[in-house]
Amino acid sequence: MDLEEIRSIQDETEQVNRTYDFFNEETRLTHSRAARVEFLTTTRYIEQYVKPGMRILDIGAGPGEYSFYFAEKGYEVNALELADANVSAFRKRMRPGLPLTLLQGNALDLSAYADESFDAVLVFGPLYHLHEEKDRRRCIEEACRVCKKEGTLFFSFIGHDMVFMSELRYDGEYFSTGDYEHESFRLHDFPFVFFTVSEARQMLIDGGIELLREVASDGASELMAPEINAMSEESWRQYLGYHFYRCEKPELLGMSNHLLFVGRKKERQ
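Residues take numbers from 1 onward in each chain, read along the sequence in its written order. For a predicted model such as this one, the threshold for reporting local features is a pLDDT of at least 70, and the threshold for listing and counting side-chain atom pairs is 80 or more; totals across whole chains, interfaces and linings nevertheless cover every residue. Neither water nor hydrogens contribute to the side-chain values; these are computed over all heavy atoms in the structure.

A. Focus on the packing of helix α3 (residues 33-46) against helix α4 (residues 65-72). Whenever a helix is involved, its axis is fitted only over the stretch in contact; in every case the axis is a line through C-alpha atoms, and angles between N-to-C directions fall within 0 to 180 degrees. Only runs of H or I of at least four residues qualify as helices and only runs of E of at least two qualify as strands under DSSP, and these elements are numbered from the N terminus. Following both chains from N to C, one finds α3 and α4 inclined at 45 degrees, their axes separated by 12 Å at the closest point. Taken together, the axes of α3 and α4 are oblique relative to one another. Note on packing geometry: the crossing formed by α3 with α4 is right-handed. Contact residues: α3 offers R36, E38, F39, T42, T43 and I46, while α4 offers E65, Y66, Y69 and F70. Under this grouping Gly is polar, as are all residues other than the nonpolar Ala, Val, Leu, Ile, Met, Phe, Trp, Tyr, Cys and Pro and the charged Asp, Glu, Lys and Arg. Its residues assigned to classes, the contact of α3 with α4 comprises five nonpolar, two polar and three charged. Any angle from 65 to 115 degrees is called roughly perpendicular, while one under 35 is roughly parallel, one over 145 is roughly antiparallel, and all others are oblique. By convention the crossing between two helices is left-handed if the near helix lies anticlockwise of the far one by an angle smaller than a right angle, and right-handed if it lies clockwise. Every residue pair with non-hydrogen atoms within 4.5 Å of one another is taken to be in contact.

B. Geometry of the pattern of salt bridges. Within this document, salt bridges are pairs made up of a side-chain nitrogen of Lys or Arg and a carboxyl oxygen of Asp or Glu, the two lying within 4 Å of each other. Using the criterion set out here, one finds 18 salt bridges in the structure. For K265, the salt bridge is made with E116, and the minimal N-O distance between the two is 3.8 Å. Of the two residues, K265 is situated in strand β10 (residues 258-265) and E116 in the loop between β3 (100-104) and β4 (118-123); the sequence distance between them amounts to 149 residues. Buried means the residue's accessible area, taken with a 1.4 Å probe over protein chains only, is under 20% of the maximum for its type, while exposed means over 50%, and partly exposed covers the values in between. Exposure remark for K265: the relative accessible area of 16% places this residue in the buried category. One salt bridge in this structure joins R138 and E142, with 4.0 Å as the shortest N-O distance. With R138 and E142 both in helix α6 (residues 133-146) and four residues apart, the pair spans about one turn of that helix. Overlapping salt bridges, with partners in common, bring together D115, R138, E142 and R145 in one network.

C. How the structure looks around the environment of Y174. By the element assignment, Y174 lies in helix α8 (residues 174-177). Judged by its relative accessible area of 7%, Y174 is buried. Sequence separation between Y174 and F164 is 10 residues; the distance between their C-alpha atoms is 7.7 Å. If we skip the residues at most four places from it in the chain, Y174 touches F164, E167, L168, D179, Y180 and L187.

D. Up close: the nonpolar core. Among buried residues, the Ala, Val, Leu, Ile, Met, Phe, Trp, Tyr and Cys ones that are joined through side-chain atoms within 4.5 Å form a nonpolar core. In terms of nonpolar packing, the biggest core is built from 32 residues, with I59, V121, F155 and F157 touching the most fellow members. Counting only elements with at least two residues in this core, the list comes to β1 (55-59), β4, α6, β5 (147-159), α9 (197-206), β9 (209-216) and β10. The element best represented in this core is α6, accounting for five residues. Residues in contact with I59, not counting those within four places in the same chain, are L80, A107, L110, V121, L122, V123, F124, G125, P126 and A143.

E. Structural detail: helix α7 (residues 163-170). For α7, every residue scored as buried is listed here: V163, F164 and S166. Projected down its long axis, α7 carries its buried residues within an arc of 165 degrees, all on one side. Where α7 is buried, its residues meet β5, α8, β6 (180-181), β7 (186-187) and β8 (194-195). Along the arc lie the directions from the helix axis toward the C-beta atoms.

F. Representation of the packing of aromatic side chains. Two rings belonging to Phe, Tyr or Trp (six-membered ring only in the last case) form a pair when the distance between their centres is within 6.5 Å. Interplanar angles under 30 degrees mark stacking, angles over 60 mark edge-to-face geometry, and anything in between is tilted. One pass over the structure, following the stated rule, counts 21 aromatic pairs. Relative to Y242, the ring of Y239 has its centre 6.3 Å away and its plane inclined at 50 degrees; by these criteria the two rings are tilted. Of this pair, Y239 and Y242 both sit in helix α11 (residues 233-246), three residues apart, which is roughly one turn of the helix. We classify Y239 as buried; its relative accessible area is 13%. Judged by its relative accessible area of 43%, Y242 falls in the partly exposed class. Centre to centre, the rings of Y242 and Y245 are 6.4 Å apart; their planes meet at 40 degrees, and the pair counts as tilted. With Y242 and Y245 both in helix α11 and three residues apart, this pair spans about one turn of that helix. Cluster of aromatic residues (ring-pair linked, three or more members): F39, Y66, Y69, F70, Y75 and F124. Looking at R44, its charged tip hangs above the ring of F244, at a distance of 4.0 Å from the centre. Should the NZ of a Lys or the CZ of an Arg lie within 6 Å of a ring centre and within 35 degrees of the ring normal, that charge is described as sitting over the ring. Directly above the aromatic system of Y170 lies the positively charged group of R169, at a separation of 5.0 Å from the ring centroid.

Shown next as structure tokens:
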């Protein structure tokens, strides 16, 4: 099935399923140094808010890169994933003794989990796919419901404005042929849903999230992948340091393929 066939699928759940038959999520965060930047940045921030013994819910866990990382460190991790291909890849990595459980399900329905039962809730996939505002609102509400009052929520988005530059790497004629509105420079939301920094921020604020951090989780790493992957070990270490130095600078947030927002749920008045 190609992308045009996937585009024609009307059922959103089925469309997500087929998208991950097409895109190999299993190696996305691991296949190169440049690809690893997003993972290294995200875990760096999560680890500032979690402590041994805490419970983590990984919503939209994909093939389990974050779930396994934290389970192997001794955290009790519950993972939820929708796409068949990702669930299959996740299950292949399971082994006895890990404090890790996997449930195939939808981020819009977390009824399998009790209210305020997790210290940290990761939402690293669902908001890439939810086209309807009501569904995004439901996703955020459910994540808040299962997070403890003093817990921390982590949301990721695909940054709208950097996509143009990344696509230009693969297609020198992207600005004349790309899948976007050529007057407004608005991307068409397929196969993923894209948000500017201000749109993502407002979505979370409207969802009752008190924002603590806003992070350009991979910055220019996809754009500069050939150069990063060819670096010496010393240059690579320095590049990572530079990335960590700049990744919260407000003026650079929009120049990132992925965005990470860290927050807590606001107390209800």
